[in-house]
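Chain residues, written in single-letter form:
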Amino acid sequence: MFIKKRLRNKLHPERIVAALDTIIQTDDSFLHNKYNVKRIATVQRKIKAIKTIDDFVFDLYQFIKNAAEQEAQYIIFPEYNFFDLFHLLPGLSYVDRYLNRRSQQKTKRALNKGNVHLQSNHTLKKLFHLMAEPSEIALLTLMKRLAQHFRMYIYTGTYIHKKGNHLVNRGTFINPDGEIMLHQDKVHLTDFEASIGLARENRIQVIDLPIGKIAIPICMDASYFETFKLATSLQAEIVIIPIANNEAYQKWRAMRGIWGRVQETYVYGVKSSLNGWLGGMQFTGKAGFFAPCEMTKHFDGVVQIAPESYGDYVIVNDLDVTQLRQVRHNATYFGDKNEVFEKNYFKKTYVTNKEGLHDAF
């Protein structure tokens, strides 16, 4: 109870507002720009061992200021964008540094099999429950005010939301008036998320914005072609994927997600990424923009991507939805269906049999 009370005090909305107001009052370098309505900034950021909430506020402020100075109308933050806040728990920074050093000494093979977690999944589950409500309030308070200040559309990145007795991995889209436009919860969980008891969503939503129609599934959701198929059936033209891949970076493994889905469905893909270490867990991934191969300079499906899988980057690009629609229209095989295969696939993959088990193969 003492830790929970202390955490709520450290993350109190009044502290968030005070920290942000201090930055705004002392930073006179930014003038409100006329933004390019086609321009999106996507963030790759490193987990930081912050000492106060002021550090967290300043870090996110700098990312958004960077994007605003490049005239981006939209900015996209990564999955688990609140992980820095775990360092505000009493004594956790010391445990975190010990476990991170221990994991970093393991071989690459050991890392690929699974990292050392904070004591146990049971402990992590308790910490996620402890962190959920105060970190959500803090992140939403901050992002709403930043959206108003910069007059930008902001995707918060994901955080843990308490939904009844369960926790979900949720991200929120906010407009320049600081109003919430969309909550999207993660549909496909990782083994780690399932092991600590996160619940899953069962739908994908699409919102209509000045740049085009956007869907925002989360990380693991891009590993399944059904996610993008559903998004495009709802007329999505841009699919945003915030990630925090809990594994050592490997190019071909990274391509199993958003890149392949973009080629299948002829949408723009935007990926934001969290990287670094927390509690012995390694996170990697490159933020970037993807498009059908026909639309890219080297015919490789990559519009722009971060040079490294580690560190802080703001990647900015203009998306031409009109051109995308033309490429879709001209694509030889876009929209082709094998209805017999799809009917059997969906039935055998997602429909349970009488024993309550999924009859996959």
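Residues numbered from 1 in each chain as written. Predicted model: local features only at pLDDT ≥ 70, side-chain atom pairs only at ≥ 80, totals over all residues. Heavy atoms only, no water.

*Asks:* What's the story with the overall build of the protein in this structure? I'm lost.
*Replies:* Tallying secondary structure elements over the protein gives 12 helices and 13 strands in all. For the protein, the residues scored as buried account for 53% of the 361 residues in total. A fraction of 71% describes how many contacts in the protein between residues 6 or more apart in sequence connect residues 24 or more apart. In the structure as shown, the protein presents an accessible area of about 17,500 Å², 51% of it carried by carbon and sulfur atoms. (Helix = DSSP H or I, 4+ residues; strand = E, 2+ residues; numbered from the N terminus. Buried < 20%, exposed > 50% of the residue type's maximum accessible area, 1.4 Å probe, protein only. Contact = heavy atoms within 4.5 Å. Areas by Shrake-Rupley, 256 points an atom, 1.4 Å probe, with all protein chains shown as cover.)

*Asks:* Would you take a moment to explain the environment of Phe83 for this structure?
*Replies:* Structurally, Phe83 is set in the loop between strand E2 (72-76) and helix H4 (92-104). Look at Phe83 and you get buried, because its relative accessible area is 1%. Here the alpha-carbon distance between Phe83 and Lys46, two residues 37 residues apart in the chain, equals 9.8 Å. Apart from the residues within four sequence positions on either side, Phe83 is in contact with Ile47, Phe128, Leu274, Leu278 and Phe283.

*Asks:* Would you mind going over the pairing of E2 with me for this structure?
*Replies:* Two faces, one strand: in a regular strand the side chains alternate between the faces of the sheet. Most of E2 sits inside the fold, with 5 of its 5 residues counted as buried. Looking at chain direction, strand E1 (residues 36-46) and E2 are connected through 4 bridges and run parallel. Residue pairing for E2: Thr42 is matched across the bridge by Ile76. In this fold, E1 hands off to helix H3 (residues 53-69), which returns the chain to E2; that crossover is right-handed. Where E2 and strand E3 (residues 153-163) come together, 3 bridges link them in parallel fashion. Of the residues in E3, the one forming a bridge with Ile76 is Tyr155. (Pairing = 2+ DSSP bridges. Right-handed = clockwise from strand over helix to strand, strands pointing away.)

*Asks:* Please explain the pairing of strand E6 (residues 206-209) as it appears in this structure.
*Replies:* Burial of the side chains of E6 is restricted to one face: Ile207 and Leu209 are buried, whereas none of Val206 and Asp208 on the reverse face is. Of the pairings in the sheet, the one linking E6 to strand E7 (residues 212-215) comprises 4 bridges and is antiparallel in character. When the bridges of E7 are listed, Val206 appears paired with Ala215. Counted along the chain from E6 to the antiparallel partner E7, the turn is 2 residues long.

*Asks:* What am I meant to see in the packing of helix H2 (residues 13-26) against helix H6 (residues 121-150) here?
*Replies:* Helix-helix packing: each pair is described by the crossing angle between the helix axes and the interaxial distance. One can describe the packing of H2 onto H6 by two numbers: an axis separation of 9 Å at closest approach and a directional angle of 30°. Crossing geometry of H2 relative to H6 is assigned as right-handed. In this structure, H2 uses Pro13, Ile16, Val17, Leu20, Asp21 and Ile24 to contact H6, whose residues at the interface are Ile137, Ala138, Thr141, Leu142, Arg145, Leu146 and His149. Looking at side-chain class alone, the contact of H2 with H6 contains 9 nonpolar, 2 polar and 2 charged residues. (Axes fitted to C-alpha atoms, helices over the stretch in contact; angles between N-to-C directions. Left-handed = near helix turned anticlockwise from the far one by under 90°. Nonpolar A, V, L, I, M, F, W, Y, C, P; charged D, E, K, R; others polar.)

*Asks:* Just checking my understanding: could you explain unusual backbone geometry for this structure?
*Replies:* Excluding glycine, a negative phi dihedral is what most residues carry, and trans is how most peptide bonds are arranged. Positive phi, close to 65°, is recorded for Glu71, a residue that is not glycine. For Glu71, the location among the structural elements is in the loop between H3 and E2. Phi is positive for Arg151, which is not a glycine, with a value near 55°. Residue position: Arg151 is located in the loop between H6 and E3.

*Asks:* Looking at this structure, how should I read the packing of aromatic side chains?
*Replies:* Here the distance between the centres and the angle between the planes together describe a pair of aromatic rings. Scanning the entire structure with this criterion turns up 16 aromatic pairs. Summarising the aromatic geometry, the rings of Phe82 and Phe86 are spaced 5.6 Å apart at their centres and angled 40° between planes, so their arrangement reads as tilted. The same class applies to Phe82 and to Phe86, which are both buried. Between Tyr153 and Phe173 the ring centres are 6.2 Å apart and the planes differ by 35°, which places this aromatic pair in the tilted class. (Phe/Tyr/Trp six-rings, centres within 6.5 Å; stacked < 30°, edge-to-face > 60°.)

*Asks:* Mind showing me how you'd approach helix H10 (residues 258-265) here?
*Replies:* At 3.6 residues per turn, the α-helix brings residues three or four places apart onto the same side. Summarising burial for H10: 6 of the 8 residues are buried, a large majority. Listed as buried for H10 are Ile258, Gly260, Arg261, Val262, Gln263 and Thr265. Contacts made by the buried residues of H10 are with helix H8 (225-233), strand E8 (238-243), strand E9 (268-278), strand E11 (288-290) and helix H11 (321-330). Immediately downstream of H10, the backbone of Tyr266 shows phi near 55°, a positive value.

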